[in-house]
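Geometric and topological summary
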Amino acid sequence: MQVTETLAEGLKHEFQISVPASDLDAKADARLVDLKDKVRLNGFRPGKVPVSHLKKVYGRSVMAETVEQTIRETNSQIFTERGFKLATEPKVTMPTEENAVDDILTGKSDLTYTVSIEVVPPIQLADFKSFSVEKPVAEVTDADVDDAIKRLAEQNRKYAAKADGAKAETGDRVTINFEGTVDGTPFDGGTGEGIQVVIGTGHFIPGFEDQLVGIASGETRLVKASFPKNYGNFKLAGKDAEFKTTATAVEAPQETTIDDDFAKSVGLESFDKLKEALRQRMTAEFAETSRQRLKRLLLDRLDEAHHFEVPPSLVEEEFKQVWGAVLHEMGTTGRSFADEGTTEDESEAEYRKIADRRVRLGLVMSEIGEKNKITVTDDEVSRAVIDRARSMPGREKEVWDHYRNNPNALAELRAPIYEQKVVDFILELATVTEKKVTREELFKEDEEKRAT
């Protein structure tokens with residue numbers, strides 16, 4: 001066998017390989033001998049079929065299998081000897097002319113082919129004991145619990161019908177039927193019956209609720225409002241609309257007494273139990289947010305500490321997925337790059353950096369896990385499936401069957417478990433100090449993302 005490296009540019013390599021026809025013949029003959037005791041041919045007793053006859057019947061198909069196996073084994077040997085870790089599947093190029101293929105399958109000529117690969121560079125891992133990261137932590141205060149109780153009371157507020165002819169005010173709940181049009185034409189989702197609107201909550205498009213102030217039960221009025229430019233339905237985004245709106249009920253909010261009876265109305269035994277439950281839920285929420293903030297800081301630290309050439313094909317593949325999602329969202333919402341305060345070229349360059357970072361971190365995490373024998377067990381994946389099924393009451397079997405019959409879906413569950421185990425491994429070595437912050441500071445980053 002002859003192996004000649006014809007290309008070595010960065011992470012890209014190409015080899016030309018030649019395997020003697022005699023070697024292929026020997027392997028094919030060995031395969032035929034193995035078949036001798038397994039095949040059944042008319043006119044021959046079991047195990048008595050001459051190899052020469054088998055070669056006439058099965059020679060081409062056996063040689064084709066031999067060629068495929070030889071390429072696979074030869075490539076593996078070449079990559080292993082050179083210590084290559086492949087970034088993508090190798091690309092094999094073989095002769096395509098009918099005569100050349102026929103000569104190989106009939107053993108008349110050597111097998112000559114080229115294989116092109118892109119490899120993952122050697123990654124020198126940082127000393128994680130030198131890492132120092134701050135973990136933002138916030139305590140759940142009595143004021144936080146009080147605010148949560150107030151929000152809960154607001155969500156469960158009761159309303160009572162106002163007197164006949166009474167007009168709606170801010171804070172009142174109005175039940176309406178409406179028919180919407182844009183440029184005089186009805187649109188999908190533009191009608192509704194028995195819809196309850198609490199004036200002043202801002203749940204409807206801007207300007208709609210304000211125009212319900214002063215309406216009485218049984219009254220019909222034309223409400224004019226404009227859909228926001230970033231409205232989810234791009235066909236309606238930025239459009240002026242008119243809604244023929246009829247109020248069928250006007251109700252005033254009732255004072256909510258926050259006591260044991262209120263707690264029982266939301267499923268708790270007493271007011272003290274309600275406060276305890278809210279504090280526990282908020283403590284868990286704070287802890288999870290704190291952990292996610294710590295993880296993001298650690299990933300930033302990992303990115304800063306590891307500099308190496310990233311396989312271009314992996315970056316391109318990641319970029320296509322990210323960029324495709326960006327364009328799809330913009331097409332759905334009707335937003336443009338100008339609306340985002342940027343240009344398509346600037347945005348593309350930014351997302352290419354994001355793709356490069358994601359691939360780099362993925363390779364680093366993989367290297368850490370491989371060198372430290374970090375794995376995800378089947379039991380851990382099964383528990384994740386069970387948790388996912390429990391989160392969708394009534395659809396447990398559907399969820400379970402989805403993951404059982406879909407390896408890709410299982411892989412999507414396995415990936416975050418693996419990532420978290422690698423993160424935990426690094427955090428055990430790194431120096432982690434807690435930094436006391438307020439609730440607002442802890443959630444600031446998430447709230448800013450929701451606002452954009």
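We now turn to the structure provided with this report. (Residues numbered from 1 in each chain as written. Predicted model: local features only at pLDDT ≥ 70, side-chain atom pairs only at ≥ 80, totals over all residues. Heavy atoms only, no water.)

1. A word on the pattern of salt bridges
If charged atoms from side chains of opposite charge come close, those side chains can pair. Using the criterion set out here, one finds 29 salt bridges in the structure. Residues Arg-352 and Glu-348 are paired through a salt bridge, measuring 3.5 Å at the closest nitrogen-oxygen approach. A residue pair is termed a helical-turn pair when its members lie 3 or 4 positions apart in one helix, as Arg-352 and Glu-348 do in helix H8 (residues 344-371) at 4 residues. Looking at Glu-348, the relative accessible area reads 23%, which means it is partly exposed. A salt bridge links Arg-360 to Asp-356; the shortest N-O distance between them is 2.8 Å. Of this pair, Arg-360 and Asp-356 are both found in helix H8, 4 residues apart, which corresponds to roughly one turn of the helix. Judged by its relative accessible area of 24%, Asp-356 is partly exposed. What you see here is one network of salt bridges that share partners, running through Asp-300, Asp-303, Asp-356, Arg-357 and Arg-360. (Salt bridge = Lys/Arg side-chain N within 4 Å of Asp/Glu carboxyl O. Helix = DSSP H or I, 4+ residues; strand = E, 2+ residues; numbered from the N terminus. Buried < 20%, exposed > 50% of the residue type's maximum accessible area, 1.4 Å probe, protein only.)

2. Brief notes about the packing of H8 against helix H11 (residues 407-429)
Between H8 and H11, whose axes approach to 10 Å, the crossing angle comes to 70 degrees. Regarding the angle of H8 to H11, the classification is roughly perpendicular. For the pair formed by H8 and H11, the contact residues are Met-365, Ser-366, Ile-368, Gly-369 and Glu-370 on the first element and Tyr-418, Glu-419, Val-422, Val-423, Phe-425 and Ile-426 on the second. Of the residues belonging to the contact of H8 with H11, the class tally is 7 nonpolar, 2 polar and 2 charged. (Axes fitted to C-alpha atoms, helices over the stretch in contact; angles between N-to-C directions. Parallel < 35°, antiparallel > 145°, perpendicular 65-115°, else oblique. Contact = heavy atoms within 4.5 Å. Nonpolar A, V, L, I, M, F, W, Y, C, P; charged D, E, K, R; others polar.)

3. What about the nonpolar core?
If you look at the biggest cluster of nonpolar residues, it comprises 33 residues, and the most contacted ones within it are Phe-128, Phe-131, Leu-302, Leu-363, Ile-368 and Ile-426. Broken down by secondary-structure element, the contributors of at least two residues to this core are helix H6 (271-305), helix H7 (312-333), H8 and H11. At 7 residues, the largest contribution of residues to this core is made by H8. Contact partners of Leu-363, with chain neighbours within four places excluded, come to Val-120, Ile-123, Phe-308, Val-310, Pro-311 and Leu-314. (Core = buried A, V, L, I, M, F, W, Y, C linked by side-chain atoms within 4.5 Å.)

4. Some details on unusual backbone geometry
If you check the backbone angles, Asp-183 has positive phi at about 55 degrees while not being a glycine. Secondary-structure assignment places Asp-183 in the loop between strand S8 (173-182) and strand S9 (185-198). Asp-183 gets classed as exposed once you look at its relative accessible area, which sits at 72%.

5. Describing the pairing of strand S1 (residues 2-9)
The pairing of S1 with strand S2 (residues 12-19) spans 7 bridges and is antiparallel. From the neighbouring strand, Glu-5 faces S2, where its bridge partner is Phe-15. Where S1 folds back on S2, the antiparallel hairpin that results is connected by 2 residues, among which Gly-10 adopts a positive phi of roughly 60 degrees. (Pairing = 2+ DSSP bridges.)

6. Regarding the packing of helix H9 (residues 378-390) against H11
The description of two packed helices rests on the angle between their axes and on the distance between the axes. At a minimum axis separation of 10 Å, H9 and H11 run at an interaxial angle of 115 degrees. Classified by the angle their axes make, H9 and H11 are roughly perpendicular. As for how H9 packs across H11, the hand of that crossing is right-handed. Seen from H9, the contacting residues are Asp-378, Glu-380, Val-381, Ala-384, Val-385 and Arg-388; seen from H11, they are Leu-410, Leu-413, Arg-414, Ile-417 and Lys-421. Taken together, the residues of the contact of H9 with H11 sort by class into 6 nonpolar, no polar and 5 charged. (Left-handed = near helix turned anticlockwise from the far one by under 90°.)

7. Looking at the environment of Ala-160
Tracing the sequence through the fold places Ala-160 in strand S7 (residues 159-161). A relative accessible area of 29% places Ala-160 in the partly exposed class. As for Ala-160 and Gln-254, which are separated by 94 residues in sequence, their C-alpha atoms are 6.8 Å apart. Excluding residues within four positions of it along the chain, Ala-160 makes contact with Val-250, Glu-251, Ala-252 and Gln-254.

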